[in-house]
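One-letter residues, chain by chain:
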Amino acid sequence: MTRLLVISAATRPTSSGRPVAEWVAGQARDHGAFEVAPVDLAELALPFLDEPEYASTGNYAHQHTRDWSAIVDSADAVLFVLPMYNGGFTAPFKNAVDFLYREWQGKPVGLVSYSAGGTGGAPAARMLLPVLTQLGMLPAERSVAIAGINGLVGAEGFNAPEGLAAELAGVLDDVAALVKEPVAA
């Protein structure tokens, strides 16, 4: 079965991303094509990039990098759940991506973005695409953008708007197809 990392890219302690990522992971499990492994970048707590060599060498001096490498290397595909701040993706998220190189290559990737405003974080997801393709990842054709996140997360978790599960299923279908039949990067 395809191992899918569902990575919550938010690191703020009060982030809405965790409940969204939990919902996304549940939907991915229900999809049936994936063995789902959730990852929370806040729990991973990577420092700012502190490796003495380039990530492309794969020579990691620090245990936190070796651990992160093993997590990403164990996956067949990745789904990022990312917030948008000030029109873009966050520095801690980019930092986590930059720690590695080979581990990302050839992996299908789906994007679920969110924001308090009406864009649902779509601008952040669009900004991220050139980074992911530079790494040799295979982006899903579809993505999900969740607008008005503040009104969708409460004490009971994430209350998905009508139709969101179907949108996410489309992204998961795209990711599953890329695992089976990867396209040239």
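Model, not experiment: these values are computed from the prediction.

## A closer look at the pattern of salt bridges
- All told, the structure shown has six salt bridges when counted by the stated rule.
- Note that D40 and R18 form a salt bridge whose closest N and O atoms lie 2.9 Å from each other. Highlighted residues: D40 in strand β2 (residues 34-40) and R18 in helix α1 (residues 17-31), separated in sequence by 22 residues. Accessibility assignment for this pair places D40 and R18 in one class, buried.
- Residue D98 pairs with K94 through a salt bridge whose shortest N-O separation is 2.8 Å. Placement of the pair is D98 and K94 together in helix α4 (residues 91-98), with a separation of four residues, close to one helical turn.
- With relative accessibility at 31%, the residue D98 sits in the partly exposed group.
- Through salt bridges with shared partners, a single ionic network connects D73, R102 and E103.

## A word on the side chain of T90
- When you line up the elements, T90 lands in the loop between β3 (77-83) and α4.
- Leave out the neighbours within four places in its chain, and T90 touches A9, P83 and Y85.

## What about the nonpolar core?
- Membership of the largest hydrophobic core comes to 30 residues, with the highest contact counts inside it found for I7, W68, F80 and W104.
- Of all elements in the fold, only β1 (2-8), β2, α3 (63-73), β3, α4, β4 (108-114) and α5 (122-134) reach the threshold of two or more residues within this core.
- Residue contributions to this core peak at five residues, all from α5.
- A21, A140, F158 and V175 belong to the second-largest nonpolar core, a separate cluster that totals 28 residues.

## Considerations on the packing of aromatic side chains
- Taken as a whole and assessed by the stated rule, the structure comprises five aromatic pairs.
- Between F80 and F93, the ring centres sit 4.9 Å apart and the planes meet at 70 degrees, which makes this aromatic pair edge-to-face. Remark: F93 occurs in helix α4 and F80 occurs in strand β3; sequence separation between them is 13 residues. Accessibility classification places F80 together with F93 in one group, the buried group.
- Judged by centre distance (6.3 Å) and plane angle (90 degrees), the ring pair of F89 and F93 falls under edge-to-face.
- Cluster of aromatic residues (ring-pair linked, three or more members): W68, F80, F89, F93 and W104.

## Observations regarding the environment of P19
- With respect to the helices and strands, the residue P19 is situated in helix α1.
- Put simply, P19 and N159 are 140 residues apart on the chain and 9.1 Å apart in space, counted from C-alpha to C-alpha.
- Aside from chain neighbours lying at most four places away, what touches P19 is V153, G157 and F158.

## Some points on the pairing of β4
- Of all seven residues in β4, seven are buried; the element is thus mostly enclosed.
- With burial as the criterion, each face of β4 is covered, one bearing P108, G110, V112 and Y114 and the other bearing V109, L111 and S113.
- Relative to β4, β3 runs parallel, the two being bridged by six bridges. Each bridged residue has a counterpart across the sheet, and for V78 the counterpart in β4 is V109.
- This β-α-β element, β3 to α4 to β4, shows right-handed connectivity.
- Note: β4 against strand β5 (residues 138-139), two bridges, orientation parallel. Directly across from V109, in β5, lies its bridge partner P139.

Rules of the game
- Residues numbered from 1 in each chain as written.
- Predicted model: local features only at pLDDT ≥ 70, side-chain atom pairs only at ≥ 80, totals over all residues.
- Heavy atoms only, no water.
- Salt bridge = Lys/Arg side-chain N within 4 Å of Asp/Glu carboxyl O.
- Helix = DSSP H or I, 4+ residues; strand = E, 2+ residues; numbered from the N terminus.
- Buried < 20%, exposed > 50% of the residue type's maximum accessible area, 1.4 Å probe, protein only.
- Contact = heavy atoms within 4.5 Å.
- Core = buried A, V, L, I, M, F, W, Y, C linked by side-chain atoms within 4.5 Å.
- Phe/Tyr/Trp six-rings, centres within 6.5 Å; stacked < 30°, edge-to-face > 60°.
- Pairing = 2+ DSSP bridges.
- Right-handed = clockwise from strand over helix to strand, strands pointing away.

These figures capture arrangement, not role.
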